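Survey of secondary and tertiary structure
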Amino acid sequence: MKKTNTELFLFRMFHEKLVQIKKIFSNIIIYPENILPFIIVFTLLLSVIIIALTPSSSGYELSIYGVYSIYLWIIISINIFFSTYSIIRSCDNQSINYYYSYFSIITIGILVLFLPIIRGYYSISRGGGDLYHHIFVSSQIINSGHFLQSNIYPGIHILTSCINFFLTDLIIVTLLISAIFMVLIMLYLYILGNTIVGRKNGGLLISILSIPLIFSYVYYGFYPFFFAIVTILLILFLYQKTQLFPKNENAFYICVLFLSMFIVFCHPLVAIFLIITFLLVIFYNLFKRFVIKLQPSKNFDLNIFTVIAISFIFWFALVRLYIHTLTDMILTNLGGVDERTIINDQIDLVSSTHPASIWLYIEGFIKIYGPISIYLLLSIGFIVYILTQYYNKKTIFETDLFYSLLFCLALSLGISLFIGHSIYFEPVRVLMYSLIFSMILSGLFLYRIWLSINETQHKKIFSIIVTLITTILYMLCFFNLYQSPWTNMPNTAFTYEDKYGNDWILEYSNRELPIIKDDSTISKYSSYYFESQNSRNSEKMNEYLMIIPSNFGYNQYRNLGDAFATLPEDKFYMSTTEMMKIAPYAAREERRGWLDWFTDTDFIRLLNDPTVNSIYSNDEYSLFMVYRG
């Protein structure tokens, strides 16, 4: 009997504990705000600790993501999920959890952006990227105290040279500037959303889609075009403010003047986009005035258009070298066809690859262009949604119509650059303008759907669906930032050993001899290198790129020199890197047979080749003098 009483006592205690645990979990489900900050802060700290405790690289790495445990990316996914969910749920209450959420999302975005520095790379660009050109021009300003007249967009270079007084490493300076503008996108979309909708939840839902790193390599590529594009959001915010607070219009115009000067001296093409955009705004308001008989309070659109046009004219008076390119672009987009276009380049790129399953192409497209495509589809879906609403109810929100028109214009400009003449040949860069408006429309779409849902339970379901999709988009953007086996491409890390090898070539090589390499050009890096050394020896080398045969040609020739018998020079340099050895492993296993391989046996034969002399070597980089056979 005593034993039975003891069992009953234990059973009652166990039952009471179960009831308490059930109550706790019920409160968490009913009031998730109680536990969300803890989950967000805990997963953020855990992510930072894992990154900090992972040893830095000891050499070239095939994947910057693969060196970290899979648990890191799972933890980051959990953090993004709950951070996004917290922001969306804050639309319906007075919770301040979204402060934690924004801080967490921004911190993770900055960590991913700074991964190359955290890993100990010198840079993520191997020598031919625009990054080196821009820090070269910034170095010119630092060394001479002024910028050359040939510098047609000195704005971002001046900013870089100013920050260099506090941070001496220009690579870190460029990443810092990109991180600042990454944060500004979220901030600008939040304040613009608040202004458009007039409510906090509008700003939250619009800014939630300002995914950090959505523009992929543009962040570390350091393109002035990106920084100018982001500033357009602030111009739109000021335009909305002039309509809401006309008494302060002079102050707003002064802000527009400073911003337009930054834009035009950061990248003049964006100023042209803005001029075209506000021309559409002017015609839109004229249509309202004379057709719909709605009288605008003042000509704010015309005034802002005039300010931007004056800024562009001022720039043009100082820099006239750009007029030829601008004329070609305008004439081509009005009806001409350029010999080289982005769409032709993309078709040639696909056709030049070895035969593969259609699913492989679809997978690659989703990984690289999936987030951008979803944004554009959401925007098009929103336009269909408001047209359907107008057809059924004969009502439409003016802001929805206004920004839909601006999106259509921006998308038309992007398509014209895609199929016509462009100074850029990357789809992400030419679609960047339409992507900015796509963020606004996608956010407005979420906001309108949110308002149309009345039941609390349905809003929770909607929040979970949006959160899940947004989390997937975040992770796709993170994994698409750097080249890796995820996208079937090797890491483009420029290690310090690679840098030391290239520096040796630039310092001590004979410029009359060309160099053969299975890598990208170092032409832009060489300009920066000599400027950073304040050296007058800036003569560039003649490079033969991507012509080294697989296995150094030993499967066909006795000596390496025989493989280059068709070259005009009798002798030349050849560089090898660690990247050459392991790059094929970035591709799928079934496609590796199509790629060039350089095995350890090939390198042993290279060292014993009578037509080859080793003249420089470190742990990852070697330089040889090759005599033609």
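Calculation notes
Residues numbered from 1 in each chain as written. Predicted model: local features only at pLDDT ≥ 70, side-chain atom pairs only at ≥ 80, totals over all residues. Heavy atoms only, no water. Pairing = 2+ DSSP bridges. Helix = DSSP H or I, 4+ residues; strand = E, 2+ residues; numbered from the N terminus. Axes fitted to C-alpha atoms, helices over the stretch in contact; angles between N-to-C directions. Contact = heavy atoms within 4.5 Å. pLDDT = per-residue confidence, 0-100. Phe/Tyr/Trp six-rings, centres within 6.5 Å; stacked < 30°, edge-to-face > 60°. Lys NZ or Arg CZ within 6 Å of the ring centre and 35° of its normal. Parallel < 35°, antiparallel > 145°, perpendicular 65-115°, else oblique. Left-handed = near helix turned anticlockwise from the far one by under 90°. Nonpolar A, V, L, I, M, F, W, Y, C, P; charged D, E, K, R; others polar.

Side note on the sheet that holds strand E5 (residues 621-627)
A sheet is described by the order of its strands in space; here five strands give the open sequence E2-E1-E3-E5-E4, paired in mixed fashion. Strands at the two margins of the open sheet, each flanked by one partner only, are strand E2 (543-545) and strand E4 (612-617). Averaged over all neighbouring strand pairs, the angle between strand axes comes to 25°, with direction disregarded. Relative to strand E3 (residues 571-577), strand E1 (residues 515-517) runs parallel, the two being bridged by three bridges. Bridged to Ile516 within E3 is Met574. On top of the sheet, helix H26 (residues 600-607) reaches E3, E4 and E5; it is set at about 150° to E3, its chief contact.

Let's talk about the confidence of the model for the chain
Mean pLDDT over the chain stands at 83; residues scoring 70 or higher make up 85%. In the model, residues 332-337 has pLDDT below 50 throughout and makes nine contacts with residues more than four positions away in sequence or in other chains.

Focus on the packing of aromatic side chains
The tally for this structure, following the rule as stated, stands at 51 aromatic pairs. In this structure an aromatic cluster arises from ring pairing among Tyr122, Tyr132, Phe494, Tyr496, Tyr500, Tyr525, Tyr528, Tyr529 and Phe530. A cation sits over an aromatic face here: Lys367 above Trp486, 4.2 Å from the ring centre. The ring of Tyr122 carries Lys499 above its face, with NZ or CZ at 5.2 Å from the centroid.

Quick look at the packing of helix H6 (residues 130-144) against helix H8 (residues 170-197)
Following both chains from N to C, one finds H6 and H8 inclined at 110°, their axes separated by 11 Å at the closest point. If you check the angle between H6 and H8, you find them roughly perpendicular. Along this stretch, H6 crosses H8, giving a crossing that reads as right-handed. Between H6 and H8, the residues in contact are Leu131, Tyr132, Ile135, Ser139 and Ile142 and Leu170, Ile171 and Thr174, respectively. Considered class by class, the residues forming the contact of H6 with H8 number six nonpolar, two polar and no charged.

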